Amino acid sequence: MARIVMKFGGTSMAGIERIRNVAARVKREVDAGNQVAVVVSAMAGETDRLVGFCREASSLYDAKEYDVVVSAGEQITSGLLAIALQAAGCKARSWLGWQLPINTSDAHGSARIGEIDTVALDASLADGVVAVIPGFQGVAEGQRVTTLGRGGSDTSAVAMAAAMKADRCDIYTDVDGVYTTDPRIVPRARKLGKVTYEEMLELASVGAKVLQTRSVGLAMKENVRVRVLSSFEDGDTNDGHRGTLIVGEEEIDDMERQLITGIAHDKNEAKITLTQVSDRPGSVAAIFAPLADGGINVDMIVQNVAHSTGSTDVTFTVPAADLARSLDILDKAKDAIGYATIVHDTRVAKVSVVGVGMRSHAGVASTMFTTLGERGINIQAIATSEIKVSVLIEEDYTELAVRVLHTAYGLDAEDAA
């Protein structure tokens, strides 16, 4: 008997028929003798609808009441799935975030999970009752409902799996696993059987939309085995071949290990250049300190060689959604920074290659730069980590860059159409 957490996203819960399909999947695990907890998202589009109501009610809404409203979507689907499971012959009950409880920080709208009390849940599971838990929500001091931020149900599922000491956390989505790149861009992309936590964390952070970054980081920290599966494929989920396992590096043997695991892209980037910044100690700190104070996440940074005039140009990227706020912060700090002009560009994209094989193989970056250069794709900025190389390029070249790099690193599937 295994203890399993199953998480279903918004498309899986979009309507009663799909909820019945989810119930059938859960029942198969129960019939196999497993203890099961299910974490659910709101129906597709429901959270956006609830957010819209808050904004319509007041542009300066109270964040605490906002969480009360937007967490309602998951409460509805958890109750409906419990009803569907009962109708299918399973013992089931719903548990809201405050009933377990799932204790979080009080950062409403982006709370962090602190501790989950599983005493009552463990007793219920031992009695054969399926637990249906709304993702995305918890409770802070003062019994105030909190939410974890968009995509937070993935984090809820991993956190529940860690607290319950589950054997596995299955994340059901509208894709059937993690691919070497987006198969809509590269039809010859291959589905991966296993990916390390580190690789998945890098892929998620640089544009892969399969899992939320926070959930992968938590899985790595707590050593939770995660599997990504499709909600819309039938078959035995215990055959060991469906989906993609996210595991520790020690679970991947040398025969399965590749130099490059995947290629990701992100068009939600904006480039900012400050010209003629004073070339003196502390000038760079004067740029990035106020951005950090404003909660702006800066990614790539390039500082040009100093001009003979004692100044330099500094280029960096921020999320496109934060561009206007970044420009406002930099404008207010102009005197302290000491720059001439600000130039910004949203017609850029970040393309990244990721793989733990980079640790022991030279030439990964060289292959990337050479391949892009041969196709006339100019690199505007570069960022690296131990297992990742990212470049900033003109947005129009994104798909071409992904395709040629996928081929250059030998990732194309031989039997794909």
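See the structure printed just above.
Residues numbered from 1 in each chain as written. Predicted model: local features only at pLDDT ≥ 70, side-chain atom pairs only at ≥ 80, totals over all residues. Heavy atoms only, no water.

Caption draft 1: The nonpolar core, seen in detail. Judged by nonpolar contacts, the single largest core of 36 residues is most densely connected at Val5, Leu121, Ile133, Met160, Cys169 and Val226. Contributing elements (two or more residues each) for this core: strand S2 (35-40), helix H5 (119-126), strand S6 (130-134), helix H6 (152-164), strand S9 (168-173), helix H7 (197-205), helix H8 (213-222) and strand S11 (226-230). The element contributing the most residues to this core is H6, with six residues. In terms of nonpolar packing, the next biggest core, distinct from the first, is built from 21 residues, Met13, Ala84, Leu85 and Ala92 among them. (Core = buried A, V, L, I, M, F, W, Y, C linked by side-chain atoms within 4.5 Å. Buried < 20%, exposed > 50% of the residue type's maximum accessible area, 1.4 Å probe, protein only. Helix = DSSP H or I, 4+ residues; strand = E, 2+ residues; numbered from the N terminus.)

Caption draft 2: Geometry of the pairing of strand S12 (residues 244-247). Of the two faces of S12, both are covered, the one formed by Thr244 and Ile246 as well as the one formed by Leu245 and Val247. Note that strand S10 (residues 194-196) and S12 share three bridges and pair parallel. Residue pairing across strands places Val195 opposite Ile246, the latter belonging to S12. For S11 and S12, the ladder comprises three bridges, and the chain directions are antiparallel. Bridge pairing links Arg227 to Leu245 in S12. (Pairing = 2+ DSSP bridges.)

Caption draft 3: How the structure looks around the sheet that holds strand S13 (residues 262-278). Taken in spatial order, the six strands line up as S14-S15-S13-S16-S18-S17 in an open sheet, and their pairing is antiparallel. Single-partner strands in this sheet number two, and they are strand S14 (301-303) and strand S17 (381-385). Strand-to-strand twist across the sheet, computed as the mean angle between neighbouring axes with direction ignored, equals 25°. Across the sheet, H7 is in contact with S13, strand S16 (342-354), S17 and strand S18 (388-394); its angle to S16 comes to roughly 155°. (Axes fitted to C-alpha atoms, helices over the stretch in contact; angles between N-to-C directions. Contact = heavy atoms within 4.5 Å.)

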